[in-house]
Amino acid sequence: MELLSGADMLIRSLQDQGIEYIYGYPGGAALHIYDALFRQDEVKHILVRHEQAAVHMADGYARATGLPGTVLVTSGPGATNTITGIATAFMDSIPMVVLCGQVASTLIGEDAFQETDMMGVSRPVVKHNLSVRHPSEIPEIIRKAYYIASTGRPGPVVVDIPKDMTAPNERFEYAYPKKIKLRSYSPAIRGHAGQIKKAVDMMLAARRPIIYAGGGVILGKASGQLTELVRKLGYPITNTLMGIGCYPASDKQHLGWLGMHGTYEANMAMHHSDLILAVGARFDDRVTNATEKFCPGARIIHIDIDPASISKTIDADVPIVGPVDAVLKEMLALVKDSKEKPDAEALASWWKQIDEWRAFHGMRYETSPDVIKPQEVIEMLHRLTNGDAFVTSDVGQHQMFAAQYYKFDKPNRWINSGGLGTMGFGLPAAMGIKLTHPDDEVLCITGEGSIQMNIQELSTCNQYKLPVKIINLNNQALGMVKQWQDMNYESRHSHSYMESLPDFIKLAEAYGHVGVRIDKKEDLEPKLKEVLAMKDTLVFVDIQVDRFEHVYPMQVARGCMKDMWLSKTERV
Amino acid sequence: MRRIISVLLENESGALSRVVGLFSQRNYNIETLTVAPTEDETLSRLTVTTTGSDRVIEQITKQLNKLVEVVKLVDLTEGPHIERELMLIKLKATGSQRAEIKRTVDIFRGQIVDVTSSVYTVQLAGASDKLDGFVQAIGTSGVLEVVRSGVSGIARGEKVLSL
Ligand SMILES: Cc1ncc(C[n+]2csc(CCOP(=O)(O)OP(=O)(O)O)c2C)c(N)n1
Ligand SMILES: [Mg+2]
């Protein structure tokens, strides 16, 4: 057996875990680890400009690949700077391991320089956290961290590593555990057969069924099974903001996404359904609107890997705890074997009704002869990239427009902070994706508010040559905040203006990139084409869009699924 | 409804703070909480009494189960069970009060475990409402200090909570 220092064991463990990239920022408590990193070249380290960005990079990578991301930071401020990123990953169940330096174990509790109780600070926003108490534990702790982060309902795991655990002069036997078993942690590996049978019987007997799919389908790599089942049944499907791409948006059975800014037809169909098959979704308040008014005529089947997600806000009639892929596969087999068939007549009239809703509204907005509408920018980008780009977004109106008008046919391509709604997520997430998908188009759709929350990463992009395309839908306002103020506060725009905006073109150039400004409608298409043709260049595209646009549809607060504003003046 | 939830927890530092943190983070109520190592030193046994609607209680048990260090748990109130709490109570005891207190302690099957010329220290074990009953019977004016251990519980009969 080899004798290695704690720091070398840590890096070796990452190698043996198959980790290619880590994102981070050094500092005192992590210096032994950084030295071990320097002395090898298997694990590549990306130096960000702010630790929050390291976490979002790891997060973007994880969302695009389905593999856990890895972060390395120092103690104290390095660790606390990761918290927003960790909370973002936690809310969306993203697998990730965050390695944090800590002051030496002999100093813990003494308010030492750069000491923060990271175990305590991170506790409410992690799936789990682990602290190293002896260097020889490191391989096992790292193995455990990745195992917990990426199994069951995934999530971030923090590992707190006191500096003396990585001291170079103390060496221990190194062996990376092949398998890990925890008596207190065993995620379900299949659903209950009886419940699945019962669910299938209900599905086949339904007259107005709908499938409601969430991010769990993407995390559980079950898009294939879901698509096959939905096609076999011929039922309508909607998905959440996090589930975008789990079923092809261009397919006729797809009603678009649902909830606060979902499509009219998806929200109407949910409200009037008699059976909801919820798959890897969690009945979030941005979906259900007022829970007591939620889908009064529907019985609910709920599949989720996390039992705590079931009957948390909306009671399930048939709960099924298990991995979505395995459960859907079993359902499909039962549907295929069953003598019962969906009632063709009922289904036809259900579709007729849905098509009427579609015709009544669908996704629409008013165009203008001279002002650029944010929606048309997205539609054009969709066309110019053949609907095949990775699209990250920040948070606000631009996020909703991107989700509404870029039609995703594949999973893992729509990358946004749905649960926490973290402004500043978009650029670093795009960087994490571009790094491992150099040949794919990666767009960051953002707003002039959000982009400034992690703008310093333009420097990282220069260092590592990450030619993402930043599409800044510049409405010169914290647009989503302003929209709420228009709708609920008689247009009193309290602090929702962005005054003294920087010259984004000069800013991009200062960081060594190209900036393109688009403010005329006729320039939009030719300039976007030029931008997309610059394959190896990061281009910051600053597009002056309509400053007064609102996002619609929008559910009426405290109403039911079908209570919506369809424009500034139409309410249903 | 009041519930007694009994939890087997990995005996690791930080595990208890996760349980306590969960309750405050999700706005659940803790009435009493007791925790101590078990005969298997790798495990702690924790008992928490809480109140809430059926939905809240269901969420509490599910969220507790989700904690990586929770090995097993049971809601004791779902079946026949025994609950006990220990109380140490210091009472003003002078003159005629002394005999009166002694009588009440006997009725409640407690013990006087320490005596001075003016104070009795009484030990009493039982279900929480019995302890409440004793304090009521004594009357709060004579009470100098009360320490309660919080509820411990165990299922009746053959049922055990173990690995
Ligand atoms: C870190 C953070 N702070 C505050 C908010 C609240 N918030 C939500 S949307 C929004 C406005 C975003 O403005 P911008 O990025 O310009 O996007 P727009 O809505 O104008 O498209 C704000 C402030 C948030 N989501 N995240
Ligand atoms: Mg804006």
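Please read these numbers as outputs of a predicted model, since none were measured by experiment.

Thoughts on the interface of chain A and chain B
Contact with chain A, which involves 21 residues of that partner, is made by 21 residues of chain B. For the pairing of chain A and chain B, the buried interface totals around 1700 Å² over both sides, and the portion due to carbon and sulfur atoms is 42%. It is A:Arg123, A:Arg183 and A:Ser184 that lose the most area in chain A upon contact with chain B, and together they represent 39% of the buried surface on that side. Our enumeration of links across chain A and chain B arrives at three salt bridges. In this structure, the salt-bridge partner of B:Glu10 is A:Arg183, at a minimum N-O distance of 2.7 Å. In this structure, the connection of chain A to chain B is made through 11 residue pairs in polar contact (both at pLDDT 80 or more). Here the side of chain A that touches chain B is composed, by residue class, of eight nonpolar, five polar and eight charged.

Quick word on the confidence of the model for chain B
Per-residue pLDDT for chain B has a mean of 96; in total, 100% of the residues score no lower than 70. Predicted complex, confidence summary: ipTM 0.94, pTM 0.97.

Here's the deal with the domain arrangement of chain B
Residues and elements named next belong to chain B. What the domain assignment reports for chain B is domain 1 (2-78) and domain 2 (83-153). Measuring from the centre of the C-alpha atoms in domain 1 to the corresponding centre in domain 2 gives 29 Å. Between domain 1 and domain 2, the contact holds 10 residues from the first and seven residues from the second. Roughly 540 Å² is buried in total at the junction of domain 1 and domain 2, and carbon and sulfur atoms are behind 52% of that figure.

Remarks on unusual backbone geometry
A:Tyr552 connects to A:Pro553 through a cis peptide bond whose omega is -5°. Topologically, A:Pro553 is positioned in the loop between β20 (539-544) and β21 (554-555). The backbone of B:Arg109 sits at a positive phi, close to 55°, despite the residue not being glycine. Counting through the fold element by element, B:Arg109 comes out in the loop between α3 (97-107) and β6 (111-115). A residue is classified by how much of its surface remains accessible, and B:Arg109, at 74% relative accessible area, is exposed.

A closer look at the coordination of the magnesium ion (ligand 2)
All names here are of chain A. Within the protein, the atoms that donate to the magnesium ion (ligand 2) are Glu448 (OE), Glu448 (OE), Asn475 (OD1) and Ala477 (O), at distances of 2.1 to 2.6 Å. Around the magnesium ion (ligand 2) sit six donor atoms, and with donor-metal-donor angles ranging over 51 to 179° the site reads as irregular. When the donors of the magnesium ion (ligand 2) are listed by position in the chain, the intervening gaps give E-x26-N-x1-A.

A look at the sheet that holds strand β1 (residues 2-10) of chain B
All names here are of chain B. The four strands are arranged β2-β3-β1-β4 in an open sheet whose pairing can be described as antiparallel. Each edge of the sheet is formed by a strand with only one pairing partner; in this case those strands are β2 (32-37) and β4 (70-75). Between one strand and the next, the sheet's axes are offset by a mean angle of 15°, whatever the strand orientation. In this sheet, strand β3 (residues 43-51) lies alongside β1 in antiparallel orientation, the contact comprising nine bridges. Within the sheet, the bridge partner assigned to Ile5 lies in β3 and is Val48.

Quick word on the site of ligand 1
Residue and element names in this part refer to chain A. The environment of ligand 1 is formed by 17 residues, the closest being Gln397, Gly421, Glu448, Ser450 and Gly479. For ligand 1, an oxygen atom lies 2.7 Å from a polar atom in the backbone of Gly479. Contact with the protein chains hides 76% of the accessible area of ligand 1, taken as 590 Å² for the molecule alone. If you list the elements that add at least two residues to the shell around ligand 1, you get α16 (397-405) and α19 (479-488).

Focus: the pairing of strand β6 (residues 128-131) of chain A
Residues A:His128 and A:Leu130 of β6(A) are buried on one face, and the alternating residues A:Asn129 and A:Ser131, pointing to the opposite face, are buried as well. Since β6(A) and strand β7 (residues 156-162) of chain A lie parallel, the crossover through helix α7 (residues 138-150) of chain A that links them has a hand, and here it is right-handed.

Examining the side chain of A:Gln555
Here A:Gln555 is to be found in strand β21. If near-sequence neighbours (up to four positions away) are discounted, A:Gln555 is found in contact with A:Gly259, A:Met260, A:Asn267, A:Arg286, A:Val287, A:Asn289, A:Cys560, A:Met561, A:Asp563 and A:Met564.

Thresholds, definitions, all that
- Residues numbered from 1 in each chain as written.
- Chains lettered and ligands numbered in written order.
- Predicted model: local features only at pLDDT ≥ 70, side-chain atom pairs only at ≥ 80, totals over all residues.
- Heavy atoms only, no water.
- Contact = heavy atoms within 4.5 Å.
- Buried area = accessible area lost by both parts, 1.4 Å probe.
- Salt bridge = Lys/Arg side-chain N within 4 Å of Asp/Glu carboxyl O.
- Polar contact = N/O pair within 3.5 Å; in protein donor to acceptor, adjacent residues only side chain to side chain.
- Nonpolar A, V, L, I, M, F, W, Y, C, P; charged D, E, K, R; others polar.
- pLDDT = per-residue confidence, 0-100.
- Domains from an automatic or database assignment.
- Helix = DSSP H or I, 4+ residues; strand = E, 2+ residues; numbered from the N terminus.
- Buried < 20%, exposed > 50% of the residue type's maximum accessible area, 1.4 Å probe, protein only.
- Donors = N, O, S within 2.8 Å, 3.2 Å for Na, K, Ca; no water.
- Tetrahedral: all angles 85-135°; square planar, octahedral: opposite > 155°, others 65-115°.
- Pairing = 2+ DSSP bridges.
- Axes fitted to C-alpha atoms, helices over the stretch in contact; angles between N-to-C directions.
- Near = heavy atom within 4 Å.
- Areas by Shrake-Rupley, 256 points an atom, 1.4 Å probe, with all protein chains shown as cover.
- Right-handed = clockwise from strand over helix to strand, strands pointing away.

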